[in-house]
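Summary of structural features
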Amino acid sequence: MLSIDTGFTTRALQDLVRINSVNPVLAPSAPGEREIAQYVGAAMETIGAEVRYHEPKPGRVSVVARLRGSRPGRSLMLNAHADTVDVAGMDAPFSGEVRDGRVYGRGAFDMKGGLAAMMGAVKALADAGCPHAGEILLAAVADEEHASLGTEDLVRRYRPDAAIVAEPTTLDICLAHKGFAWFEITTRGRAAHGSRFDLGIDANMRMGRVLAELETLERELRARAPHPLLGPPSLHAATLAGGSGLSTYAASSRLQIERRTIPGESRETVTDEIRRLLRRQVERDPSFEADLEVLLVREPFEVAADAAIVRALTEASTGVLGRRPAYVGQTPWMDAALLAAAGAESVVMGATGAGAHANEEWVELASVHQLAHCLAEAAVLYC
Ligand SMILES: [Zn+2]
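Since we're looking at a predicted model, the values are computed, not measured.

Quick notes on the rules
- Residues numbered from 1 in each chain as written.
- Predicted model: local features only at pLDDT ≥ 70, side-chain atom pairs only at ≥ 80, totals over all residues.
- Heavy atoms only, no water.
- Pairing = 2+ DSSP bridges.
- Helix = DSSP H or I, 4+ residues; strand = E, 2+ residues; numbered from the N terminus.
- Axes fitted to C-alpha atoms, helices over the stretch in contact; angles between N-to-C directions.
- Contact = heavy atoms within 4.5 Å.
- Donors = N, O, S within 2.8 Å, 3.2 Å for Na, K, Ca; no water.
- Tetrahedral: all angles 85-135°; square planar, octahedral: opposite > 155°, others 65-115°.
- Buried < 20%, exposed > 50% of the residue type's maximum accessible area, 1.4 Å probe, protein only.
- Parallel < 35°, antiparallel > 145°, perpendicular 65-115°, else oblique.
- Left-handed = near helix turned anticlockwise from the far one by under 90°.

1. Here's the deal with the sheet that holds strand β10 (residues 234–242)
If you trace the four strands from one edge of the open sheet to the other, you get β10-β11-β9-β12, paired in antiparallel fashion. Only two strands of the sheet have a single partner each, and these edge strands are β10 and β12 (290–298). In this sheet, neighbouring strand axes are inclined to one another by 15 degrees on average, regardless of whether the strands run parallel or antiparallel. With eight bridges joining them, β10 and strand β11 (residues 252–261) adopt antiparallel strand pairing. The partner of Leu-235 across the bridge, within β11, is Arg-259. Helix α6 (residues 267–284) rests against β9 (179–188), β11 and β12 of the sheet, and its axis sits at about 160 degrees to β12.

If you want it as structure tokens, here you go:
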């Protein structure tokens, strides 16, 4: 069995939390990922990994450390995002303090705990003289909390056979997550003085019809056969704006909706659903006018329980934890979908804790050490 340097892993986690890596798109004066990427790169160079930096946009830095194995084999990417959400409302966001076996601070749970565990895993492999075949790529990526610039850039540069994303899962193995699609619907009316019902066409009233139909669709979505790990798909009417003044008929009304998707659904199927709904309005009222715009689509993710990377991670974790981890699904979207779409057999496993995006965030230190051990053993089994 490999042995984890728990001192190194704990220090790495505390240092990572103490480095401000708030995503600058989410908080305009935030520093981005340069400093944290340099920290990870320097630590990985010290243990003998080859390190490369990638900067898809100025200040948005990802780092990839490569640890070659002792013979040819498969390549495995360990992937963690190095950015965090904002720290507004937090008492001591960069404390990195250990209390009762927990490390506190922004990102400790989501997901510097996972990143520190990946660093501990790579160090364990290096300390053992690289017993793995192929190569391990440790990737600390930029911008997952906004638009995934980092992983989108890396999947064009690297072609790993498999990937483990260390987003928090309380040491369970996550085989699926939801996707989402953002749509904007604009209904058209005709502006007129509020007294001139004979001239005005009310775009807001027209949007009301759309909303009523969307509510029916939403109920229908949640009555569909649920995904075994993720439940049913859903949608919500997220933002709504229409009209220009009290005494004016609204010339246009704009609605943004978010549709959460499950494996088996795609950009095409969910866009068609909305398009059909709008077409039905035109059939009922030929003067009805609306535009549909697809703003952003992130596909859902799913991997088979018998995929090689899942089997390796399950066997490794069962040995390390003394129990077989549960197979779970998670609702939020993750970079795993991008890695899977690029051809890497992907799975998600991370640490135990609480407070992602909340005012108090912590990760359980023991779970970070265990995760490091699971990842290192899985690397040897898989590669
Ligand atoms: Zn995350």
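2. With respect to the coordination of the zinc ion
Those donors, His-81 (NE2), Asp-110 (OD), Glu-167 (OE) and Glu-167 (OE), are the protein atoms that reach the zinc ion, and they lie 1.9 to 2.6 Å from it. In this structure, the zinc ion is surrounded by four donor atoms whose angles at the metal cover 53 to 147 degrees, and the resulting shape is irregular. Read N to C, the donor residues that coordinate the zinc ion are spaced as H-x28-D-x56-E. On the criterion of sequence distance, the pair formed by Asp-110 in helix α3 (residues 108–127) and Glu-167 in the loop between β7 (162–165) and β8 (173–177) is long-range, its members being 57 residues apart. Like Glu-167, Asp-110 is buried.

3. Considerations on the packing of helix α2 (residues 34–46) against α3
Here α2 crosses α3 at 20 degrees, and the two axes come no closer than 11 Å. Judged by the angle between their axes, α2 and α3 are roughly parallel. Between α2 and α3 lies a crossing whose hand is right-handed. Between α2 and α3, the residues in contact are Ile-36, Tyr-39, Val-40, Ala-43 and Met-44 and Lys-112, Leu-115, Met-119 and Val-122, respectively.

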